[in-house]
Amino acid sequence: MNFMLTKEQESFKNEMRELTEKYVTPYASENDKNESFPKVSIDVLSKKGIMGIPYSKNYGGLGLDNLTYITAVEELSKGCASTGVIMSAHTSLCSWPISEYGNENQKVKYLTPLAKGEKIGAFGWTESEAGTKTVAVREKDRYILNGKKVLITNSHEASIFVVFAKTDFDNNKLSAFIIEKGTKGFLLGEKEEKMGVRASSTSELIFENCFVPKENLLGEEGKGFEIAMATLNGGRIGVAAQAVGIAQGALDAAINYVKGRVQLGKTIAQFQNTQFVIAELQTKIDAARLMTYRAANMKDLGKNYGYMASMAKLFASEVAMEVTTKAVQLFGGNGYSKKFPVERMMRDAKVTEIYEGTSEVQKVVIANYLNIK
């Protein structure tokens, strides 16, 4: 087995690292503090094609593989987890189902501006209760949607939304729809005040007799659940990459800090206890990275990767929480100060254990794959 990136993938990852250090990291702290959308960063990513890495050049993308895309999410998340999740939710959750299930007209109209970064995308799945209460009733050449989605990433910046609603009430089947910002009857709730990833907007999507033309049905009617699950499988690889990036960014910051912090006439890095902590954390990060890359590679090969995506997300998110928590500890009192990035990274890491399926949900997916009864 080859665990190495190709020269092209490695080169792209290095370019992303340089881009992040120049256009993303410098704005991370201020955007987190002010809950400000990282416009400068996203504009640069759009101009360089980063918002459409895995999509065909025919639709404005770069035409690269999923593994290359995942390395980009990882590098962005080292510098700013908010920017990482904005790009990941846009690419994995909104653009992907249109690319995979959309017809040619939908790809031209919606995927192209998404891949070019001209418009931001969002994914309307989560509701306040288990199951889907949002409904869509067919009326001649349109659907009428009513309901509410909650905790939707990119909500206030997005122009294109992939939304799921119940269309078959007897058989409890869902359908997927592409909905544009500004559609009559489609409203946004107030932005959530969040613990972490504060520079990405999160809010409710509210549908009150929202008229959606029938040509905006994504895929077949009644196939929405299958579309959502397939989309989330890919999205979980993105979250795993975010978690790996956050963890590596926090540990890199901690290593730089302990090399310069002097206690009892020695740098903290010279104490064996510090070295052991860092060695263990880097080992776990590397394991999480390999699991994440494996899932992305299996997706590129067209193999069954859903359970691998769940394994990667479960492990990487928990590693991110452990690494960022211990990074704060290595900083001592300074780790609790907003003057240093590990405080922000610790807050950002928590959500990777929650969104796109909690750790508990990932365990259910893995157990089902193992056929444990």
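In case you missed it, the structure is sitting above this.
Please read all numbers here as calculations on a predicted model, not as lab measurements. (Residues numbered from 1 in each chain as written. Predicted model: local features only at pLDDT ≥ 70, side-chain atom pairs only at ≥ 80, totals over all residues. Heavy atoms only, no water.)

Engineer: Before we move on, could you go through empty space enclosed by the protein and cite the residues and values that matter?
Structural biologist: Applying the stated rule across the entire model yields 1 cavity of 30 Å³ or more. Volume-wise, the largest cavity comes out at about 80 Å³. Forming the walls of the largest cavity are Pro54, Tyr55, Asn66, Tyr69, Ile70, Thr91, Ser92, Trp96, Gly234, Ile237, Ala296 and Lys299. Looking at the lining of the largest cavity, the elements that each hand over two or more residues are helix H4 (66-79), helix H5 (81-101), helix H7 (224-260) and helix H8 (272-300). Here the lining of the largest cavity is built from residues that sort into 7 nonpolar, 4 polar and 1 charged. (1 Å grid on protein atoms, 1.4 Å probe; cavity = no way out; pocket = protein on both sides within 12 Å on 5 of 7 lines; lining within 4 Å. Points joined across faces, edges and corners; volume = space filled by probe spheres on them. Helix = DSSP H or I, 4+ residues; strand = E, 2+ residues; numbered from the N terminus. Nonpolar A, V, L, I, M, F, W, Y, C, P; charged D, E, K, R; others polar.)

Engineer: Outline the layout of surface pockets, supporting the account with residue identities and numerical values.
Structural biologist: By volume, the largest pocket is sized at about 1200 Å³. Around the largest pocket, the lining comprises 46 residues; the ones closest to its centre are Trp125, Thr126, Tyr355, Glu356 and Gly357. Contributions of two or more residues to the lining of the largest pocket are made by H5, strand S1 (121-124), strand S3 (142-153), H7, helix H9 (306-331), helix H10 (341-350) and helix H11 (359-369). When residues in the lining of the largest pocket are grouped by element, the largest group, 5 residues, is from H7.

Engineer: Give a detailed account of the side chain of Arg344, specifying residues and quantitative values.
Structural biologist: By the element assignment, Arg344 lies in helix H10. For the buried Arg344, which has no salt bridge, the nearest side chain bearing the opposite charge is Asp348, at an N-O separation of 4.2 Å. Setting aside chain neighbours within four positions, we find Arg344 in contact with Ala28, Ser29, Asp32, Gly79 and Cys80. (Buried < 20%, exposed > 50% of the residue type's maximum accessible area, 1.4 Å probe, protein only. Lys, Arg positive; Asp, Glu negative; His and termini not counted. Salt bridge = Lys/Arg side-chain N within 4 Å of Asp/Glu carboxyl O. Contact = heavy atoms within 4.5 Å.)

Engineer: Tell me what's going on with the side chain of Thr231, and back it up with residues and numbers.
Structural biologist: When you line up the elements, Thr231 lands in helix H7. The exposure class of Thr231 is buried, given its relative accessible area of 1%. When neighbours within four sequence positions are excluded, Thr231 is seen to be in contact with Ser92, Leu93, Trp96, Pro97 and Phe123.

So yeah, pure geometry; function would need other evidence.
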